[in-house]
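Architecture at a glance
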Amino acid sequence: QVQLVESRGGLVQPGGSLRLSCAASGLTFSRYAISWYRQAPGKERELVATITSAGGVVNYADSVKGRFAISRDNAQNTAYLQMNSLKPEDTAVYYCFLKWTSLAYWGQGTQVTVSP
């Protein structure tokens, strides 16, 4: 009954923006730290960004610093990844990941393609 639904991926031009969302149900969302990962074809899955349960501490991969922003709305049980100034190398499947103590859940992934 735990469900993470990712959405709002798609095709965007270089320099464009997308906002990914991850809507959670079946858990106490506010307890969980949230991360976004991505995996490009033939590449290992990499950590993109993390936000703490309270939302006060965030961190980003060097490759996305200054361009991406992770956020959460605990009242809506939803996490977001705002992606600006997108580059072709950002093309990947993006996954949300929720973790609280020993509990961890992955979203299904959403495709982001950056291409002219």
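Residues numbered from 1 in each chain as written. Predicted model: local features only at pLDDT ≥ 70, side-chain atom pairs only at ≥ 80, totals over all residues. Heavy atoms only, no water.

**Points about the pairing of strand β5 (residues 46–51)**
Stated precisely, the cut-off is as follows: Pairing between two strands is assigned when DSSP locates at least 2 bridges connecting them. By definition, any uninterrupted DSSP run of H or I lasting at least four residues is a helix, any uninterrupted run of E lasting at least two residues is a strand, and each is numbered from the N terminus.
The sheet contact formed by strand β4 (residues 33–39) and β5 spans 5 bridges and is antiparallel. Residue pairing across strands places Y37 opposite L47, the latter belonging to β5. Two successive antiparallel strands, β4 and β5, enclose a turn made up of 6 residues, where G42 displays a positive phi of approximately 75°. Here 3 bridges tie β5 to strand β6 (residues 58–60), and the two strands are oriented antiparallel to one another. Opposite A49, over in β6, you have Y60 as the bridge partner. Once β5 ends, the chain turns through 6 residues before running back antiparallel as β6, passing G55 with a positive phi of about 85°.

**What to know about the sheet that holds strand β8 (residues 78–83)**
Put simply, the rule reads: As a rule, the C-alpha atoms of each element are fitted with a line to give its axis, helices using only the stretch in contact, and angles between N-to-C directions run from 0 to 180 degrees.
Spatially, the 4 strands line up as an open sheet ordered β1-β3-β8-β7, and their pairing is antiparallel. Two strands bound the open sheet, and with one partner strand each, they are β1 (3–7) and β7 (68–73). Adjacent strand axes in the sheet meet at a mean angle of 15° when their direction is disregarded. Strand direction decides the pairing type here: β1 and strand β3 (residues 18–25), joined by 5 bridges, are antiparallel. Within β3, the position partnered with Q3 by the bridge is S25.

**So, the pairing of β8**
The test is simple: Under the scheme applied here, a residue whose accessible area is under 20% of the maximum for its type counts as buried, over 50% as exposed, and between as partly exposed, the area being computed with a 1.4 Å probe on protein chains only.
Taking burial as the measure, the 6 residues of β8 include 5 buried ones, the bulk of the element. Here 6 bridges tie β3 to β8, and the two strands are oriented antiparallel to one another. Note that in β8 the partner of L18 across the bridge is M83. Note that β7 and β8 share 6 bridges and pair antiparallel. Considered in β8, the bridge of F68 is made with M83. Joining the antiparallel neighbours β7 and β8 is a turn of 4 residues, in which N77 adopts a positive phi near 55°.

Don't take any of this as a statement about function, it's just geometry.
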